[in-house]
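If you want the building blocks of each chain, they are given just below.
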Amino acid sequence: MPDHHLHNARLTSILSGIFLACIFGTRPLVPLLANQIGASNLEVGFIVSVFAVLPALVIVPMGRMIGRWSPRAKLFLTVFISSAGLLMVRLFPNMAGLCASQLIAGLTYAIFLVAALEFTGHCSTPSTRDGNVMRLSIGNAIGSFVGPAAGGALSDAFGYEQTFLILGATGMAASFITVFLIGANGKPETEAKSSGTSFKLLALPNFRRAIVISVLVLLAKDMYTAYFPLLGKQFGYSSTIIGLAVSVNALAGIFIRLLLPKLNGTFGKSAVLTGSFASAALFFILIPLLPQVSAQLAISLLLGLGLGIGQPMSMSETLAALPKERLSDGLGLRISFNRASQVASPVLFGAFSQLLGLASIFWGVGIIVLAGCFAVRNRAGGSGTASHP
């Protein structure tokens, strides 16, 4: 692999880590701010789902459109605009401002995920793909770890609105990292005019499996991030403790990613994946039953270990399954499925919580993840590798 490809892959990982720290630093604050404004649990569910509404509707055609942009333009504009969207909460600290902020930040964040993974794929050969995806995944996990802890501490010190301002400004500054990418101004060499619809890519069995894994992991992570803060408030936790618990969950994801190649080689990919889902289901069921801070931090850590396995596997399998000339289409389709789930699940589980209480959210997610565990196991065709299930 040329040196500038490795340089670009590393910079993309750094940019992604900083940007995700800003995004995930605000995500646990969204339900808390909405609750402070006066939203019910059901309304909180709607507000949380707003983040994923536009990506669910338009990411597939936008995936085609952004395939014509240079990598530098895609990465810079998405980080800059999404971070600017976070600033709106400070300018308009009400329900309308919060919803508008989540619409803007959510759409451009989704496009960034497509652009970053696509660019990583173009910077990789079959022999370097898993390593570059792991770098990107670790950068994402570090950002997911640092963000909630920083957001919780900042909100206790300065308030929710000021924290959105600080993290939004940080993300806008980070967007200028793209200046240092080498040879990222032109259209990718492998990007060609695609034929047929994006949905035809679902005929690829490995791509379908990657989507199932991704949807299950994001469902679990989003429901934890959205509703654990409210449960934590019921338990009497401060925002700092809530942010710490969410960050511990992400920290475990970093650790397990480093061990993932060894785990796959020892136990086989199918066993590692199904085991991770089964353990995550168990810990979701335990969350409402153990209100002690120490117990919740331990559960957060163990839950993060389980959920940290699926996403890098899904990312690597997606790149391996898709033809390079269809990366934008396929990655857009993958994000579309992810966001459709993220739109529906907060509203659905928010309605459940209105009738059955917050505990029902965690028990429901546990049941779904357990069912997904069996689905993934049935689809798995052996131990495989990170690229070929």
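Definitions and cut-offs
Residues numbered from 1 in each chain as written. Predicted model: local features only at pLDDT ≥ 70, side-chain atom pairs only at ≥ 80, totals over all residues. Heavy atoms only, no water. Helix = DSSP H or I, 4+ residues; strand = E, 2+ residues; numbered from the N terminus. Buried < 20%, exposed > 50% of the residue type's maximum accessible area, 1.4 Å probe, protein only. Contact = heavy atoms within 4.5 Å. Areas by Shrake-Rupley, 256 points an atom, 1.4 Å probe, with all protein chains shown as cover. Axes fitted to C-alpha atoms, helices over the stretch in contact; angles between N-to-C directions. Parallel < 35°, antiparallel > 145°, perpendicular 65-115°, else oblique. Left-handed = near helix turned anticlockwise from the far one by under 90°. Nonpolar A, V, L, I, M, F, W, Y, C, P; charged D, E, K, R; others polar. Expected span 1.5 Å × (residues − 1). Bend = angle between axes of the 7 residues up to and from the residue. pLDDT = per-residue confidence, 0-100. Phe/Tyr/Trp six-rings, centres within 6.5 Å; stacked < 30°, edge-to-face > 60°. Polar contact = N/O pair within 3.5 Å; in protein donor to acceptor, adjacent residues only side chain to side chain. Core = buried A, V, L, I, M, F, W, Y, C linked by side-chain atoms within 4.5 Å. Salt bridge = Lys/Arg side-chain N within 4 Å of Asp/Glu carboxyl O. Patch = residues over 30% accessible without salt bridge, like charges linked within 9 Å, V, L, I, M, F, W, Y side chains within 5 Å.

This part is about the overall build of the protein. Scanning the protein from N- to C-terminus turns up 13 helices and zero strands. The buried share of the protein, reckoned over its 389 residues, is 58%. Residue pairs in contact within the protein that sit at least 24 positions apart in sequence constitute 86% of those at least 6 positions apart. As presented, the protein carries roughly 14400 Å² of accessible surface, and 69% of it is formed by carbon and sulfur atoms.

Below, the discussion takes up the packing of helix α6 (residues 129-158) against helix α7 (residues 160-174). Pairs of packed helices are described in terms of their axes, by the angle between the two and the distance that separates them. Two numbers describe how α6 lies on α7: the axes approach to 7 Å, and their chain directions differ by 130 degrees. Comparing their axes, α7 and α6 come out oblique. Once α6 is placed against α7, the crossing between them reads as right-handed. For the pair formed by α6 and α7, the contact residues are G151, L154, S155 and F158 on the first element and Y160, Q162, T163, I166 and L167 on the second. Residues of the contact of α6 with α7, tallied by class, amount to five nonpolar, four polar and no charged.

Our next topic: helix α9 (residues 239-267). Compared with an ideal rise of 1.5 Å per residue, which puts 29 residues at 42 Å, α9 spans 39 Å between its outermost C-alpha atoms and is within 8% of the ideal. At L259, α9 shows its maximal bend, which comes to roughly 50 degrees, and the proline P261 appears one to four places after that position.

Another point: the packing of α9 against helix α11 (residues 293-321). In contact at an axis separation of 6 Å, α9 and α11 are set at 45 degrees when each is read in the N-to-C sense. Here α11 runs oblique to α9, going by the angle between their axes. At the point where α9 passes α11, the crossing takes the right-handed sense. Considered class by class, the residues forming the contact of α9 with α11 number 17 nonpolar, seven polar and one charged.

Here the protein averages 81 in pLDDT, and 90% of its residues register 70 or above. Confidence scores differ between elements of the protein, with helix α3 (residues 41-66) showing the lowest mean pLDDT of 74 and α7 the highest of 94. Contacts of residues 189-195 to residues separated by more than four positions or lying in other chains number 14 contacts, the stretch itself having pLDDT below 50. Note on residues 380-389: pLDDT is under 50 here. Beyond four places in sequence and across chains, it has 23 contacts.

What follows covers the packing of aromatic side chains. If you walk through the whole model with that rule in mind, you get eleven aromatic pairs. Ring centres 4.9 Å apart and planes at 75 degrees place the aromatic pair F19 and F112 in the edge-to-face group. Of the two residues, F19 sits in helix α1 (residues 3-26) while F112 sits in helix α5 (residues 95-122), which places them 93 residues apart along the sequence. For the pair formed by F19 and F112, the shared burial category is buried.

What follows deals with the side chain of N338. Considering the arrangement of structural elements, one finds N338 in helix α12 (residues 327-356). Engagement of the side chain of N338 in a polar contact is seen with the side chain of S214, the distance being 3.0 Å. Residue contacts for N338: discarding those within four places in its chain leaves S214, V215 and L218.

It is worth spelling out the nonpolar core at this point. Ranked by size, the top nonpolar core spans 97 residues in total, and within it F228, F284 and I287 carry the most contacts. Sort the elements by how many residues they give to this core and helix α8 (residues 205-235) lands first, with 15 residues. Not counting the four nearest positions on each side in its chain, I287 is found in contact with Y224, F228, L231, F235, Q296, I299, L303 and F362.

Let's shift gears to the environment of H122. Note on placement: H122 falls in helix α5. Taking the C-alpha atoms as reference points, H122 and E325, 203 residues apart in sequence, are found 9.9 Å from one another.

A word on the pattern of salt bridges. Enumeration according to the criterion identifies one salt bridge in this entry. Between E118 and K74 there is a salt bridge, with its nearest N and O atoms 2.8 Å apart. Pair noted here: E118 is in helix α5 and K74 is in helix α4 (residues 71-91), with a separation of 44 residues, a long-range link. Each member of the pair, E118 as well as K74, is classed as buried.

Where nonpolar side chains cluster on the molecular surface, the patch consists of L77, I81, L103 and I104 and spans about 280 Å² of accessible area. The topology assignment puts L103 in helix α5.

In this model, α12 (30 residues) spans 42 Å end to end at C-alpha, consistent with the 44 Å of a helix rising 1.5 Å per residue. Remark: G357 follows α12 within two positions and exhibits a positive phi of approximately 95 degrees.

Relative to the assigned elements, S70 resides in the loop between α3 and α4. There is a polar contact of 3.2 Å between the side chain of S70 and the backbone nitrogen of A73.

Within the secondary structure layout, T163 lies in helix α7. On the basis of relative accessible area, T163 is assigned to the buried category, the value being 0%. As a C-alpha pair, T163 and T26 span 137 residues in sequence and 7.6 Å in three-dimensional space. In this structure, T163 is in contact with L29, G151, L154 and S155, ignoring residues within four places of it in sequence. Of note is the side chain of T163, whose polar atom sits 3.4 Å from the backbone oxygen of L154.

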